[in-house]
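Chain residues, written in single-letter form:
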Amino acid sequence: MKVDESTLSFLRDVAHKLRIDSIYATEASKSGHPTSCASMAEIMSVLFFHTMKYSLAEPRDPSSDRFILSKGHAAPILYAAWAEAGLFPVSELKNLRKIDSDLEGHPTPRLNFIDVGTGSLGQGLSVAAGMAYVGKYFDKASYRTYCLIGDGESAEGSIWEALHFASYYKLDNLCVIFDINRLGQSEPTSLQHQMEVYRKRLDAFGFNAVVVDGHDVEHLVKAFHEASQVKGKPTALIAKTFKGKDFPNIEDKEEWHGKALGSSSAEVLKHLEGLIRNKSAVNIQPDKNLVADAPKVDISNIKLSSPPAYKNGELVATRLAYGIGLAKLAASNSRVIALDGDTKNSTFSDKLKKAYPERYIECFIAEQNLVGVAIGAACRNRTVPFVSTFAAFFSRAFDQIRMGAISQTNVNFVGSHCGVSIGEDGPSQMALEDIAMFRSIPGATVFYPSDAVSAERAIELAANTKGVCFVRTSRPNTPILYDANEPFLIGQGKIVKQSANDQILLIGAGVTLHEAVTAAEELAKSGIAARVIDPFTVKPIDVNLIVTNAKKVGGKIITIEDHYPEGGLGEAVLSAVATHRDIVVKKLAVQAVPRSGPPTVLLDMFGISAKCIVNAAKEFLKQ
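Every chain is numbered independently, its residues counted from 1 as its sequence is written. In keeping with the model being predicted, local features are shown solely for residues with a pLDDT of at least 70 and side-chain atom pairs are shown and tallied solely at 80 or more, while totals for entire chains, interfaces and linings include all residues. Hydrogen atoms and water are omitted, and side-chain values are computed over all heavy atoms in the structure.

Asker: Describe the packing of helix 10 (residues 318-332) against helix 16 (residues 452-463), naming the residues involved and giving the relevant values.
Answerer: A pair of packed helices is characterised by two quantities: the angle between their axes and the separation of those axes. Interaxial angles span 0 to 180 degrees and are taken between N-to-C directions of axes, which are lines fitted to C-alpha atoms, for helices over the stretch in contact. Secondary structure follows DSSP: runs of H or I at least 4 residues long count as helices, runs of E at least 2 residues long count as strands, and numbering of each begins at the N terminus. The geometry of helix 10 relative to helix 16 is characterised by a closest axis approach of 8 Å and an angle of 45 degrees between their N-to-C directions. By the angle class used here, helix 10 and helix 16 are oblique. Judged by the sense of rotation from one axis to the other, the crossing of helix 10 with helix 16 is right-handed. Contacts from T318, A321, Y322, I324, G325, L326, K328 and L329 in helix 10 reach A452, A455, E456, I459, E460 and A463 in helix 16. Three classes are used: nonpolar for Ala, Val, Leu, Ile, Met, Phe, Trp, Tyr, Cys and Pro, charged for Asp, Glu, Lys and Arg, and polar for all others, with Gly counted as polar. A breakdown of the residues in the contact of helix 10 with helix 16 according to their chemical character gives nine nonpolar, two polar and three charged. Angle categories are assigned with fixed cut-offs, so that under 35 degrees is roughly parallel, over 145 is roughly antiparallel, 65 to 115 is roughly perpendicular, and the rest are oblique. Two helices that cross are described as forming a left-handed crossing if the nearer one is turned anticlockwise from the farther one by less than a right angle, and a right-handed crossing if clockwise. By definition, residues are in contact when any of their heavy atoms lie within 4.5 Å.

Asker: Explain the side chain of H73 to me, and be specific about the residues and the numbers.
Answerer: Mapped onto the fold, H73 is located in the loop between strand 1 (66-69) and helix 4 (75-85). A 1.4 Å probe rolled over the protein chains alone gives each residue an accessible area, and that area as a share of the maximum for its type sets the label: buried under 20%, exposed over 50%, partly exposed in between. For H73, a relative accessible area of 13% puts it in the buried group. Residues in contact with H73, not counting those within four places in the same chain, are H33, S36, G105, H106, L121 and H257.

Asker: Quick rundown of the packing of helix 17 (residues 511-525) against helix 21 (residues 610-622)? Include the residues and the values.
Answerer: Following both chains from N to C, one finds helix 17 and helix 21 inclined at 55 degrees, their axes separated by 8 Å at the closest point. With respect to helix 21, the axis of helix 17 lies oblique. Here helix 17 runs over helix 21; the crossing is right-handed. Of the residues in helix 21, those touching helix 17 at E515, A516, T518, A519, E522 and L523 are A610, I613, V614, A617 and K618. Residues that form the contact of helix 17 with helix 21 fall into these classes: seven nonpolar, one polar and three charged.

Asker: Give me empty space enclosed by the protein: which residues, what numbers.
Answerer: Space inside and on the surface of the protein is sampled on a 1 Å grid over the protein atoms alone, with a cavity defined as a set of points where a 1.4 Å probe fits but cannot get out and a pocket as an open set with protein on both sides within 12 Å along at least 5 of 7 lines; lining residues have an atom within 4 Å of a point. Grid points are joined across faces, edges and corners, and a volume is the space filled by probe spheres set on the points. Counted by the stated rule, this structure contains three cavities of 30 Å³ or more. Elements supplying a minimum of two residues to the lining of the largest cavity: strand 1 and helix 4. What the second largest cavity holds in volume is close to 70 Å³. If you list the elements that add at least two residues to the lining of the second largest cavity, you get helix 5 (124-139), helix 13 (367-378) and helix 14 (398-406). Top contributing element to the lining of the second largest cavity by residue count: helix 14, with three residues. A per-class count over the lining of the second largest cavity returns four nonpolar, eight polar and no charged.

Asker: Break down the pattern of salt bridges for me, citing the residues and quoting the values.
Answerer: Criterion for a salt bridge: a side-chain nitrogen of Lys or Arg within 4 Å of a carboxyl oxygen of Asp or Glu. Overall, the coordinates contain 28 salt bridges when judged by the stated rule. Of the charged contacts, one joins E5 and R12 as a salt bridge, the two residues approaching to 2.9 Å between their closest N and O atoms. For R12, a relative accessible area of 33% puts it in the partly exposed group. The salt bridge involving D252 is made with R182; its shortest N-O contact spans 2.9 Å. One end of the pair, D252, is in the loop between strand 5 (235-240) and helix 9 (265-275); the other, R182, is in the loop between strand 3 (174-180) and helix 7 (195-204), with 70 residues separating them in the sequence. Given the relative accessible area of 25%, D252 is considered partly exposed.

Asker: I'd like a description of the layout of surface pockets, backed by residues and values.
Answerer: In this model, the largest pocket occupies a volume close to 520 Å³. For the largest pocket, the lining is made up of 26 residues, of which H50, T51, M52, K53 and N289 are closest to its centre. Where the lining of the largest pocket is concerned, the elements lending two or more residues are helix 1 (5-29), helix 3 (41-51) and helix 8 (217-229). Classifying every residue of the lining of the largest pocket by side-chain character gives 13 nonpolar, nine polar and four charged.

Asker: Can you lay out the pairing of strand 1 for me, pointing to particular residues and giving the numbers?
Answerer: Neither face of strand 1 is exposed, since R66 and I68 on one face and F67 and L69 on the opposite face are all buried. Inspection of the sheet shows strand 1 paired to strand 2 (residues 145-150) by four bridges, in the parallel sense. Note on strand 2: the bridge partner recorded for L69 is L148. Two strands qualify as a pair provided that DSSP identifies no fewer than 2 bridges between them.

Asker: Explain the sheet that holds strand 14 (residues 494-497) residue by residue, including any values.
Answerer: Here five strands make up an open sheet; going across it, the order is 14-16-15-18-19 and the pairing mixed. Two strands close off the open sheet at either side, each with one partner strand: strand 14 and strand 19 (584-588). For this sheet the average axis-to-axis angle between neighbouring strands, irrespective of direction, equals 25 degrees. Both strand 14 and strand 16 (residues 530-534) contribute to a ladder of three bridges, which runs antiparallel. Residue I495 lies in a different strand from strand 16, and its bridge partner there is I533. Helix 19 (residues 569-577) rests against strand 15 (504-508), strand 18 (556-560) and strand 19 of the sheet, and its axis sits at about 175 degrees to strand 19. Strand contacts of helix 21: strand 15, strand 18 and strand 19, with the helix running at about 160 degrees to strand 18, the strand carrying the most contacts.

These figures capture arrangement, not role.
Here's what the structure looks like:
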């Protein structure tokens, strides 16, 4: 590919302008990462002012190329690129990091040109891989995805999970750029400028791996063009760069990470201004070659294709009901997809795979990448992803999940094999912290269905709910409690058992709801009437239902949960009644690290069986 000298000169000038903009922005805020911006200036110039196709009028146009800045601390130069392209005035860059500006220290989707929040390093490539997968296999569109990664963050294992995924699925519409500027935050990176080592590793991972001079715009233009021609494998451009490039007395020097230039800025700015050959304003048309070939997608008002079909009292595991319900959702909307981490025959996400194999993404045993890919797949409202694995293993990807919330993602997580009720597999497989984890995610909705009917309805609701959703499913078969047409709403629980003379309120969920029902029946034999509530959602919890019924029974509540006591159902109930006098809560929960054993034995051993509830209720009523 031959590039004329005027274009190359223009791109060099833009790179210097981006450096200057980054300095002005970080000087205005007196903080930021100008040296990290400087190393990638030519890469950004070539991408945003030559290679990429995108719409300034609609930055998240479904047909436009995607760009993920995984090294989110270099946000100022990303903002500068969009400003120089014409999206907003360059003068706005001086509002960087101000409380009333969305130009935050690291990118978030408060800005209309940002798809996901980045800055917790090592996550951007998984998101980019999810975008590229959707582009290639679902949208079947021409847009490409670019992801820029810092060499320091390439030490993160999640990067290599994503590299394997991208190679395995032959994502030739993905181009990964490694900014190898040699210096980390506190010292040089482990490989520094050993470019051949990087190349060999990426080649071994199945990439078209190319070492480039990251400050040579001609080299970059040709490399990006060649990447677009490669078929059957993704491309990695391994760019040799220098931190603080073209900053006199700062370039390639340690101790300059994350610092505004301060007293050095005047000298550096004067030097950079002197490097610019054409002082005129930037004038580009990135959308002139934009091909509007991404199909229109409607992911609103998704319904089960048929209502739950179970008989009253039938024994069905909620994890199985999830799989059945998921396939029904997929039948009614072609953008409902499933992702799993090689547990599909246990989570029953394989129900969707069997019905619609093209809409199932196997992410293998790499949960951090699993979550990141789902976040990418959900971007720009292209799909409705359901991500399943054992609930315990989501803890490995907690950082990705919390960044998903920062990214305003709409991803549904379904965790099976919760609590001691899974039995003989033992404590490593038992999710006993998962409710606490997901309750801590801002804006999250936490479903805890107790039978197959409510499980199907939970996933139907999740499909239409903004933000992170978590559905906790159980391994054991449990009786059907509800009629197929029973209505369910987020934040509304159900009274499962009641009488006019109830003396105590029992609140359980999943397997412990059934233990509570059994306990209420046993208590009745002793003349003690107990009311039983199914919360359905633990976040938001039905405060009004709990408070109203607690007062009706005399103010005594017992919560029963197959979870550790911290952060679970019991603490959600405690929060609900905290401002109400004369309501007392006793929590039954798993108080110690459990062990292998039969489920019924474990429920008894760890104090959450019907027998334990009966004993606790009798003691509580004596007080």
